[in-house]
Amino acid sequence: MKKQRESQCTQKTISLLSPLGTIQVSGCENGVHTIQILMDVAPAERSSGAPLSCVVNDSPAETSPELQRCVEWLQAYFSEPQTAGSLPLPAFHHPALQGDAFTSRVLHVLLKDVKFGETVSYKRLAEMAGNPRAVRAVGGAMRRNPVPLLIPCHRVISSSGQSGPYMSGKGDHLKQWLLTHERQRGEG
C-alpha cells in the first residue's frame, strides 16, 4: 500500500550550488523525498574565505511549497546558519521517515533534540531513541537518512570524539566542513 501511494507522487528536482558542491533536492506536493550532495567540488576548492551561499542552479518551472521551503532553509543554513533553526522545515515524504520503525525514531530524535552546533555520539543517540544497545542500528539509520542537512546526521560522532564516517566514508571532509561551519557561524 505504501509503495502504491509513493509511486503516485510526481517528483520534481531542484539543483543548488552550495559550498559543498551541487545539492539536489527531490520532492512532491506532499514533501521532500531526498537530498543528495553530489560531491562535485574538490575539498581544496572549498576556501574558507569564499562566500557561503546556496543558489538555485536548475529548477522546474513549478515547484511545490514544500520544495521551496527546503530551498529557503538550505539557503539560510549556508549564508546565515544561526537563522535556519527559526525557519519552518519542509514536510518529509520518504518511507524511512514514516511510521514507528527504529530508523524513523532515531532520525526524528536527532532532528528534534540535537541543536545547531551540537554533536551527539552514536551511543547517546541510541539511548535518546530508547534503545541503548542499538549503537550499530543508529549508524545504519544515519546511512539511510534520506534528507541529510535537514536531519543533521553530520552531528553524530563516535564516543571517542572522532567525527566518524559521512556518506559511507566518501564525505568525511564534508562532515568536518559542516561541523566547523556550525561552530564558527553559530556564535554570531
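Before reading on, note that the structure itself is shown above.
Residues numbered from 1 in each chain as written. Predicted model: local features only at pLDDT ≥ 70, side-chain atom pairs only at ≥ 80, totals over all residues. Heavy atoms only, no water.

## Description of the overall build of the protein chain
Step number 1: Scanning the protein chain for helices and strands turns up seven helices and six strands.
Step number 2: The order of helices and strands in the protein chain, counted from the N terminus, is α-β-β-β-β-α-α-α-β-α-α-β-α.
Step number 3: Pairs at least 24 residues apart make up 62% of the contacts formed inside the protein chain by residues separated by at least 6 positions.
Step number 4: Total accessible area on the protein chain is roughly 9700 Å²; 48% of this is exposed by carbon and sulfur atoms. (Helix = DSSP H or I, 4+ residues; strand = E, 2+ residues; numbered from the N terminus. Contact = heavy atoms within 4.5 Å. Areas by Shrake-Rupley, 256 points an atom, 1.4 Å probe, with all protein chains shown as cover.)

## Focus on the side chain of Ser15
Step number 1: With respect to the helices and strands, the residue Ser15 is situated in strand S1 (residues 12-18).
Step number 2: Residue classification places Ser15 among the buried residues on the basis of a relative accessible area of 7%.
Step number 3: Once residues within four sequence positions are removed from consideration, Ser15 is found in contact with Thr22, Ile23, Gln24, Val55, Val56, Asn57 and Asp58. (Buried < 20%, exposed > 50% of the residue type's maximum accessible area, 1.4 Å probe, protein only.)

## Digging into the nonpolar core
Step number 1: Membership of the largest hydrophobic core comes to 45 residues, with the highest contact counts inside it found for Ile23, Val25, Leu74, Leu110, Leu125, Met142 and Leu149.
Step number 2: Elements with a contribution of two residues or more to this core: S1, strand S2 (21-28), strand S3 (31-37), helix H2 (65-79), helix H4 (102-113), helix H5 (122-128), helix H6 (135-143) and helix H7 (172-185).
Step number 3: Here the element with the most residues in this core is H2; it accounts for eight residues.
Step number 4: Counting contributing residues per domain, this core is built from domain 1 (12-85) and domain 2 (95-184), each supplying no fewer than three. (Core = buried A, V, L, I, M, F, W, Y, C linked by side-chain atoms within 4.5 Å. Domains from an automatic or database assignment.)

## Brief notes about the pattern of salt bridges
Step number 1: As enumerated under the stated definition, the model contains five salt bridges in all.
Step number 2: Across the pair Glu127 and Arg124 runs a salt bridge whose closest N-O atoms are separated by 3.3 Å. Here Glu127 pairs with Arg124, and both are found in helix H5, just three residues apart, close to one helical turn.
Step number 3: We classify Glu127 as partly exposed; its relative accessible area is 33%. (Salt bridge = Lys/Arg side-chain N within 4 Å of Asp/Glu carboxyl O.)

## Section: H6
Step number 1: Three or more residues of H6 are buried, namely Val138, Gly139, Gly140, Ala141 and Met142.
Step number 2: Its buried side turned inward, H6 meets H4, H5 and strand S6 (156-157).

## Here we look at the state of the cysteines
Step number 1: Scanning the entire structure with this criterion turns up zero disulfides.
Step number 2: Note on Cys9: no disulfide assigned, nearest cysteine sulfur contributed by Cys28 at a separation of 3.6 Å. (Disulfide = S-S within 2.5 Å.)

Remember that the coordinates give geometry; whether it matters functionally is a separate question.
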